[in-house]
Amino acid sequence: MNKIYAFLIIIPVIALLFFKALAFYEFDTKQRYIKNTIDTAAHKVMITGVLTKGDKEEMITNLNKLGDFAEENVILESGSINSNGSVSGLLPYTTGGILDRGEVFSIKVQSKNESLTSRIEGNSAVENGKLYYRAKAICRVEKKQTDE
């Protein structure tokens, strides 16, 4: 009788926990790579003051290796910093626009596809119970001023 309980109850519970752990590991790993990808793009902007079309295409190509990211799901914004240190007036950034030293640059991405963790759990409080891959990077432009 004890073997029957082990087979009918304990083994399926262990299998379920194993699959949940794998799904969470997959989600966490992809989130880290997505964050690293947009941090790299933001770092380029921090140094140079501009995000070129080639840099944006490279970023989207790298993101698409990890999920389904469309160009409209990548939000680029720029703005300024108030004297108290808060970010204000974020406006859409056009690719190739040159930012001045001290301006703020922001990238926000969200995948079109739902994560495996969301499909297994199905109880996220965000987006009608769906959990997407998301990341956000904000930087302050630190390029050297040129004498013009």
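Keep in mind that this is a model prediction, so the values were computed, not measured.

Section: the overall build of the protein chain
Within the protein chain one finds three helices and four strands. Order of helices (α) and strands (β) in the protein chain, N terminus to C terminus: α-α-β-β-β-α-β. Looking at the protein chain as a whole, 31% of its 148 residues are labelled buried. Considering only residue pairs separated by 6 or more positions, the protein chain has 67% of its internal contacts joining residues 24 or more positions apart.

Some words on the pattern of salt bridges
Applying the stated criterion across every chain yields a total of eight salt bridges. For K56, the salt bridge identified is with E71, shortest N-O distance 3.2 Å. Pair noted here: K56 is in helix α2 (residues 53-64) and E71 is in the loop between α2 and β1 (74-81), with a separation of 15 residues, a long-range link. Two residues, E142 and R101, come together in a salt bridge whose shortest N-O distance is 3.7 Å. Taken together, the residues span a long stretch of sequence, with E142 in the segment after β4 (132-140) and R101 in the loop between β2 (87-92) and β3 (104-114) at a distance of 41 residues. The partly exposed category is assigned to E142, whose relative accessible area is 36%. Looking at R101, the relative accessible area reads 44%, which means it is partly exposed. Connected through shared salt-bridge partners, K44, D55 and E58 make up one network.

Details of the pairing of β2
Counting buried positions over the six residues of β2 gives zero, only a small fraction of the element. Bridge count between β1 and β2: four bridges; the pairing is antiparallel. Bridge pairing links S80 to S88 in β2. Hairpin remark: β1 followed by β2, antiparallel, with five residues in the connecting loop; positive phi at G85, about 95°.

Comments concerning the packing of helix α1 (residues 2-48) against α2
Contact geometry for α1 and α2: axes closest at 10 Å, N-to-C directions at 170°. With respect to their mutual orientation, α1 and α2 come out roughly antiparallel. Taking contact as the criterion, the partners of I34, T37, I38, A41 and K44 in α1 are, on α2, D55, E58, M59, N62 and L63. Tallied by class, residues from the contact of α1 with α2 come to five nonpolar, two polar and three charged.

Brief notes about the nonpolar core
Generally speaking, nonpolar side chains in soluble globular proteins are found buried as a group. Membership of the largest hydrophobic core comes to 25 residues, with the highest contact counts inside it found for I34, I38, F105, I107 and V109. Elements represented by at least two residues in this core include exactly α1, α2, β1, β3 and β4. For this core, the element with the highest residue contribution is α1, accounting for six residues. Not counting residues up to four positions away in its chain, the partners in contact with I38 are M59, L63, I107, V109, A135, K136 and A137.

Brief notes about the side chain of S115
Along the chain, S115 falls in the loop between β3 and α3 (116-121). The residues contacting S115, other than those within four sequence positions of it, are F27, L131 and Y133.

Here we look at the environment of A42
The topology assignment puts A42 in helix α1. For A42, a relative accessible area of 4% gives the class buried. Separated by 64 residues in sequence, A42 and S106 place their C-alpha atoms 7.4 Å apart. Leaving out residues up to four positions away in the same chain, A42 has contacts with I107, A137 and C139.

About the cut-offs
Position numbers for residues count from 1 along each chain, tracking the sequence in the order it is written. Confidence filtering applies because this is a predicted model: local features only for residues at pLDDT of at least 70, side-chain atom pairs given and counted only at 80 or more, and all residues used for totals across whole chains, interfaces and linings. Calculation of side-chain values draws on the structure's entire complement of heavy atoms; hydrogens and water are dropped beforehand. Think of it this way: any DSSP run of H or I at least four residues long counts as a helix, any run of E at least two long counts as a strand, and we number them from the N terminus. Think of it in three bands: with a 1.4 Å probe and only protein chains considered, a residue is buried below 20% of the maximum accessible area for its type, exposed above 50%, and partly exposed in between. Residue contacts are defined here by distance: any two heavy atoms, one from each residue, within 4.5 Å place the two residues in contact. In what follows, salt bridge is the name for a side-chain nitrogen of Lys or Arg lying within 4 Å of a carboxyl oxygen of Asp or Glu. At least two DSSP bridges between two strands are required for those strands to pair. Fitted lines through C-alpha atoms serve as axes, helices being fitted only where they are in contact, and the angles separating the N-to-C directions of these axes extend from 0 to 180 degrees. In this scheme, roughly parallel covers angles under 35 degrees and roughly antiparallel covers those over 145, while 65 to 115 is roughly perpendicular and the rest are oblique. Throughout, the ten residues Ala, Val, Leu, Ile, Met, Phe, Trp, Tyr, Cys and Pro are labelled nonpolar, Asp, Glu, Lys and Arg are labelled charged, and all others, Gly among them, are labelled polar. To qualify as a nonpolar core, a set must consist of buried Ala, Val, Leu, Ile, Met, Phe, Trp, Tyr and Cys residues joined through side-chain atoms within 4.5 Å.

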